[in-house]
Amino acid sequence: MLLNPKHSEVGHGSHPSARCFPLRRRHGHLMAGPSVSVVNACTRHGGGGSPTTVVIDDAVLTDDERHANARRAGTSHTAFVDTSAADVPRVRFFTSAGELTNCGHGIIAAQAVLLQRSGGTEHRGRQFTAGRTFATTAIRRRDGIEVWFDQGVIALPDGGDATGDGIIAALGLERTDIAADVRVASPGTPRLLVPVRDRRTLLSIQPDYDRLATECRRLGYLGCFAYALSPTAGTGAARMFAPAIGVDEDIANANSVGCLAAHLLDTTGSGAIEIHQGDGLQSPSSVSASATRTADGIVARIGGVVGLSAPHGP
């Protein structure tokens, strides 16, 4: 059974019903507008998840139109899918602030919508995003659609601890709240991984968003991924703050979970993790990731379950 998305606060706005696009004229012909779906990406136990807009636009929209529609969508992220090029869809992502290079939970949402539209029960394919083509898997389940994708090589440069003081202060934390060294991780866009002492400390974080946005822009970070690992191996909780891209707090940030899996593999030898987010936003989410070493570096595979609404538009 597929789930309808819940109306909840996400980043900068609330989740409205999906909007339809009007007919538009191109090369002298009227064309039907794109198909729009709103889905809950990375649900937990059949509920919650991050409301994400998926637009099948087949290159009909201009970038200015994509940005404008992302601002109006009311969800933190919008995925625009072009399926016109052979069998490898091109997917791009926009927030209210502009285009993103990548979006992990947006990839999961887009692949779920493509499987839903096909009417199939399973699809193993590829997607083109951020200049690379990578493998994806989507499988229909009773509680939604489970999606996995290959994140690619994750860079783990040294020196994050030397640049973390401003961000730690912007989070409202002291150095005594930090459980280990912070670290920069990048699957293409760097972000700071910040380990805190425990889940209570994690939930108590009240960032100064203006200061955090300034620090992230100064250092070139997408945002800050604060996390607390559970005593039992392989699980933990996290919060992702990215005000520099127009999302104060993300309900789910799949790429950062992949980055954390890579960091854990590098430092502990175990690269499998399931991370819960969104509890403080009344929309619990879950993302799983598994990291492995390759000749090119550490790579991760990321997965989550998507609850779908009916598509809107033609």
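See the structure shown above.
What counts, and where the lines are drawn
Residues numbered from 1 in each chain as written. Predicted model: local features only at pLDDT ≥ 70, side-chain atom pairs only at ≥ 80, totals over all residues. Heavy atoms only, no water. Helix = DSSP H or I, 4+ residues; strand = E, 2+ residues; numbered from the N terminus. Buried < 20%, exposed > 50% of the residue type's maximum accessible area, 1.4 Å probe, protein only. Contact = heavy atoms within 4.5 Å. Areas by Shrake-Rupley, 256 points an atom, 1.4 Å probe, with all protein chains shown as cover. Phe/Tyr/Trp six-rings, centres within 6.5 Å; stacked < 30°, edge-to-face > 60°. Salt bridge = Lys/Arg side-chain N within 4 Å of Asp/Glu carboxyl O. Pairing = 2+ DSSP bridges. 1 Å grid on protein atoms, 1.4 Å probe; cavity = no way out; pocket = protein on both sides within 12 Å on 5 of 7 lines; lining within 4 Å. Points joined across faces, edges and corners; volume = space filled by probe spheres on them.

Visitor: Help me out: how do you make sense of the overall build of the protein in this one?
Guide: Secondary structure summary: the protein contains seven helices and 20 strands in total. Counting every position in the protein, which comprises 314 residues, the buried fraction comes to 56%. Across the protein, contacts joining residues at least 24 apart in sequence account for 63% of those joining residues at least 6 apart. Accessible area for the protein stands at about 13,200 Å²; split by element, carbon and sulfur atoms hold 50% of it.

Visitor: What's the story with unusual backbone geometry in this structure? I'm lost.
Guide: If a residue is not glycine, its phi is most likely negative; likewise, a peptide bond is most likely trans. Residues other than glycine seldom take positive phi values, yet Ala59 does so here, at roughly 65 degrees. Looking at the secondary structure, you find Ala59 in the loop between strand S6 (50–56) and helix H1 (63–73). Residue Ala59 is classed as partly exposed on the basis of its relative accessible area of 32%. Of note in the backbone geometry, Gln282 takes a positive phi value of approximately 60 degrees without being a glycine. Looking at where Gln282 falls in the secondary structure, it is placed in the loop between strand S18 (272–277) and strand S19 (285–294). Since its relative accessible area comes to 65%, Gln282 is described here as exposed.

Visitor: Would you mind going over the packing of aromatic side chains with me for this structure?
Guide: In this description, an aromatic ring pair is defined by two values, namely the gap between the centres and the angle between the planes. Within this structure, the stated rule accounts for three aromatic pairs. Plain terms: the ring middles of Phe80 and Phe94 are 5.5 Å apart, the flat faces sit at 90 degrees to each other, and that makes the pair edge-to-face. Here Phe80, found in strand S7 (residues 78–82), pairs with Phe94, found in strand S8 (residues 90–95); they are 14 residues apart in sequence, far enough to count as distant. A single burial state applies to Phe80 and to Phe94, both of which are buried.

Visitor: Hey, could you run me through the pattern of salt bridges in this one?
Guide: Side chains bearing opposite charge may pair, as long as their charged atoms lie close to each other. Scanning all chains against the criterion turns up 17 salt bridges. Each of the salt bridges in this network shares a partner with another, and the network as a whole consists of Asp57, Asp63, Arg66, Arg92 and Glu99.

Visitor: For this particular structure, what's the right way to read H1?
Guide: Residues spaced three or four apart along an α-helix face the same direction, because each turn holds 3.6 residues. Among all positions of H1, only Arg66, Ala68, Asn69, Ala70 and Ala73 are buried. Residues of H1 that are buried in the fold lie against S6, S7 and S8. Taken from the residues just after H1, Gly74 is the one with a positive phi, measuring 85 degrees.

Visitor: What exactly am I supposed to notice about the environment of Thr201 here?
Guide: As for its placement among the helices and strands, Thr201 is situated in helix H5 (residues 199–204). Remark: the alpha-carbon pair of Thr201 and Ala228, spanning 27 residues in sequence, is separated by 8.4 Å. Look past the residues within four positions of Thr201 in its chain and what remains in contact with it is Leu173, Asp177 and Val196.

Visitor: Explain the pairing of strand S14 (residues 191–195) to me, please; I cannot follow it from the model alone.
Guide: Residues in a regular strand project their side chains so that they alternate between the two faces of the sheet. Burial within S14 is extensive, with five of its five residues counted as buried. Neither face of S14 is exposed, since Arg191, Leu193 and Pro195 on one face and Leu192 and Val194 on the opposite face are all buried. As paired strands, strand S13 (residues 183–185) and S14 are joined by three bridges and run antiparallel to one another. Bridge pairing in S14 links Ala185 to Arg191.

Visitor: Just to check I follow, could you spell out empty space enclosed by the protein for this structure?
Guide: Rolled over the atoms, a probe as big as a water molecule pinpoints where empty space is left. Under the criterion given, the structure shown has one cavity of 30 Å³ or more. The volume enclosed by the largest cavity comes to roughly 60 Å³. Forming the walls of the largest cavity are Arg199, Leu203, Ala237, Ala238, Arg239, Glu249, His276, Gln277, Gly278, Asp279 and Gly280. Those elements that provide at least two residues to the lining of the largest cavity are H5, strand S16 (235–242) and S18.

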